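# Structural overview for review
Take a look at the letters that make up each chain.
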Amino acid sequence: MQDQQQAIREIRINPVVPSESVLVATARSMRPREAEVPAPRDTRRHVDECPFCTGNEDKTPPEIARWPDDGPWQVRIVENLYPVLGSDGTTGGLVFGLQQAIDGYGRHEVIIDHHRHGIAVHEMEPGHLAAVLRMYRRRMRELYEMDPRLRYALVFKNFGPAAGASMAHTHSQIIALPVVPQNVHDEVTHSKDYYDRHHRCIFCTLIDEALTFEATIYDRESGRIVRRIGVGQYVIERGERFIAVKPFASRYEWEVHILPLAHASDFLDTEDADLDDLARVLRRTMARLDAVIGGAQYNFFLHSAPRGGDYGDIRASYHWHLEICPRTSIPTGFELGSGLFVNTISPEQAAERLRQVDLDNDDRG
Ligand SMILES: [Zn+2]
Ligand SMILES: [Zn+2]
Ligand SMILES: [Zn+2]
């Protein structure tokens, strides 16, 4: 569409977290830096000296869980060799003037997603990926049950050197914290505010708009078309139970969020059939990203209802989701200093390019 190609330069307010605004600037003159060529990811099947590869099980920290229970393992959970959190709190925290600290108490574990060293998510069998997601669910549940002081278990994955992965072997991590991270806190409180005012979940409303909205917005003076919103313009993938959407106010050029279509606040309430469909939508989304970016290096993380706290009942107002943030550029001083992310590709164009990828000859899809 002709009017979609105009340069965009606008500040977009994230409707869920208004403090997370994004500057979308597609004009070339606004490019904050040259596109960089990221270091390639490691695609080897097996690396003799890698502690996460098959045959080196005695070189990892103690094993916590494995799948399947017998026979060769497909997924393993081990303790983190260099945890960012200690396993027990002793000092009780600190409050001194403006300095407030709480104990760095929690758990930090590594989920070895696959026995194959350099396999990408979209290359995994759907059944295997569903098993990885079930391991996330199982371990989150165990950690919450193990210690009532833990308020948030963050599952995330760094894939590729550009995304900060220190180990080349494909893996995810789980960090269970005694506090609710700021991002999750903001989402929970803002979506609760929206719910209190509109009696609707804001995430469900976003999904409905993504699936049904159609509008042409005109300039009142000139009659020129300011913007055209097409049905499904932000939809990247749709499964039976999950949808992958490009956020209107994306912080990262190729950021995509995956949400359950039916309202649900807690990832731990998912059924196995949900995770089967999530695996399928996630694989196809990652395949699209990989095709468009050319070897996607990314972070993804799960946002789900925290435990305890002063939020009241958030079951109706919060909606769990997975955020995928491919790393194609490095934030600059402007972004770090202002908190205003600069996005040089309009989310509408990015969504269109991702949708155009032909996955039909993907026989495992
Ligand atoms: Zn390995
Ligand atoms: Zn919802
Ligand atoms: Zn989120």
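Model, not experiment: these values are computed from the prediction. (Residues numbered from 1 in each chain as written. Chains lettered and ligands numbered in written order. Predicted model: local features only at pLDDT ≥ 70, side-chain atom pairs only at ≥ 80, totals over all residues.)

### Some thoughts on the overall build of the protein chain
A tally of helices and strands in the protein chain yields 6 helices and 17 strands. Evaluated residue by residue, the protein chain yields a buried proportion of 38% over its 365 residues. The long-range share in the protein chain, meaning contacts at least 24 apart out of those at least 6 apart in sequence, stands at 70%. (Helix = DSSP H or I, 4+ residues; strand = E, 2+ residues; numbered from the N terminus. Buried ≥ 20, exposed ≤ 12 C-beta atoms within 10 Å, placed from the backbone. Contact = placed C-beta atoms within 7 Å.)

### Remarks on the packing of helix α1 (residues 126-146) against helix α4 (residues 272-293)
Two elements in contact, α1 and α4, have axes separated by 8 Å at closest approach and are oriented at 120°. When the interaxial angle is binned, α1 and α4 end up oblique. As for how α1 packs across α4, the hand of that crossing is right-handed. Taken together, the residues of α4 that come into contact with α1 (itself represented by Pro126, Leu129, Ala130, Leu133 and Arg134) are Asp272, Leu275, Asp276, Leu278, Ala279, Arg280, Leu282 and Arg283. Class assignment for the residues of the contact of α1 with α4 results in 8 nonpolar, no polar and 5 charged. (Axes fitted to C-alpha atoms, helices over the stretch in contact; angles between N-to-C directions. Parallel < 35°, antiparallel > 145°, perpendicular 65-115°, else oblique. Left-handed = near helix turned anticlockwise from the far one by under 90°. Nonpolar A, V, L, I, M, F, W, Y, C, P; charged D, E, K, R; others polar.)

### Points about the environment of Ala291
Take Ala291: it is sitting in helix α4. Considered as a pair, Ala291 and Leu354 are 63 residues apart in the sequence and their alpha carbons are 8.3 Å apart.

### Focus: the pairing of strand β7 (residues 107-112)
Within β7, 5 of the 6 residues are buried, which leaves the element mostly enclosed by the surrounding structure. The sheet contact formed by strand β4 (residues 75-79) and β7 spans 4 bridges and is antiparallel. Residue pairing across strands places Arg76 opposite Ile112, the latter belonging to β7. In this structure, β7 lies alongside strand β9 (residues 171-177), joined through 6 bridges in antiparallel fashion. Across the sheet, His108 pairs through a bridge with Ile175, a residue of β9. (Pairing = 2+ DSSP bridges.)

### A few points about the environment of Pro347
Mapped onto the elements of the fold, Pro347 is located in helix α6 (residues 347-356). A tally of 24 C-beta atoms within 10 Å means that Pro347 is categorised as buried. Taking the C-alpha atoms as reference points, Pro347 and Arg251, 96 residues apart in sequence, are found 9.5 Å from one another. Excluding anything up to four places from it in sequence, Pro347 contacts Lys246, Pro247, Phe248 and Ser250.

### A closer look at the confidence of the model for the protein chain
Here the protein chain shows a mean pLDDT of 86. Residues at 70 or above account for 88%. Between residues 28-35, whose pLDDT stays under 50, and residues either more than four places distant or in other chains, the model counts 10 contacts. (pLDDT = per-residue confidence, 0-100.)

### Points about unusual backbone geometry
Geometrically, the link from Trp67 to Pro68 is a cis peptide bond, its omega value of -10° lying close to zero. Tracing the sequence through the fold places Pro68 in the loop between β3 (63-67) and β4. One non-glycine residue, His199, lies in the positive phi region at around 55°. Within the fold, His199 resides in the loop between α2 (182-198) and α3 (202-212). His199 gets classed as exposed once you count the C-beta atoms within 10 Å, which come to 9.

### As for the pairing of strand β16 (residues 321-326)
Sheet topology places strand β14 (residues 256-260) next to β16; 3 bridges connect them, and they run antiparallel. The partner of Val256 across the bridge, within β16, is Ile324.

### A few points about α4
Given a rise of 1.5 Å per residue, 22 residues ought to cover 32 Å, and the 31 Å separating the end C-alpha atoms of α4 matches this to within 8%. The positive-phi residue at the C-terminal boundary of α4 is Gly294, with phi of around 80°. (Expected span 1.5 Å × (residues − 1).)

### Comments concerning the sheet that holds β3
Strand order in the open sheet formed by 10 strands is β3-β4-β7-β9-β8-β15-β16-β14-β13-β12, with antiparallel pairing between adjacent strands. Strands at the two margins of the open sheet, each flanked by one partner only, are β3 and β12 (235-238). Strand-to-strand twist across the sheet, computed as the mean angle between neighbouring axes with direction ignored, equals 20°. Sheet topology places strand β13 (residues 242-245) next to β14; 4 bridges connect them, and they run antiparallel. In the sheet register, Ala244 faces β14, and the bridge partner there is Ile258. Contacting β12, β13, β14 and β16, α4 crosses the sheet at an angle of about 165° to β14.

### Looking at the nonpolar core
Ranked by internal contacts, the top residues of the largest apolar core, which has 76 residues, are Leu129, Leu133, Ala153, Ile258, Leu278 and Leu282. Once residues within four sequence positions are removed from consideration, Ala153 is found in contact with Met140, Leu143, Tyr144, Ile174 and Ala176. (Core = buried A, V, L, I, M, F, W, Y, C linked by C-beta atoms within 7 Å.)

### Focus on α6
Pro347, Glu348, Ala350, Ala351 and Leu354 are the residues of α6 that are buried. Axial view of α6: buried residues confined to an arc of 160°, hence all on one face. Buried residues in α6 make contact with β12 and α4. (Arc of directions from axis to C-beta.)

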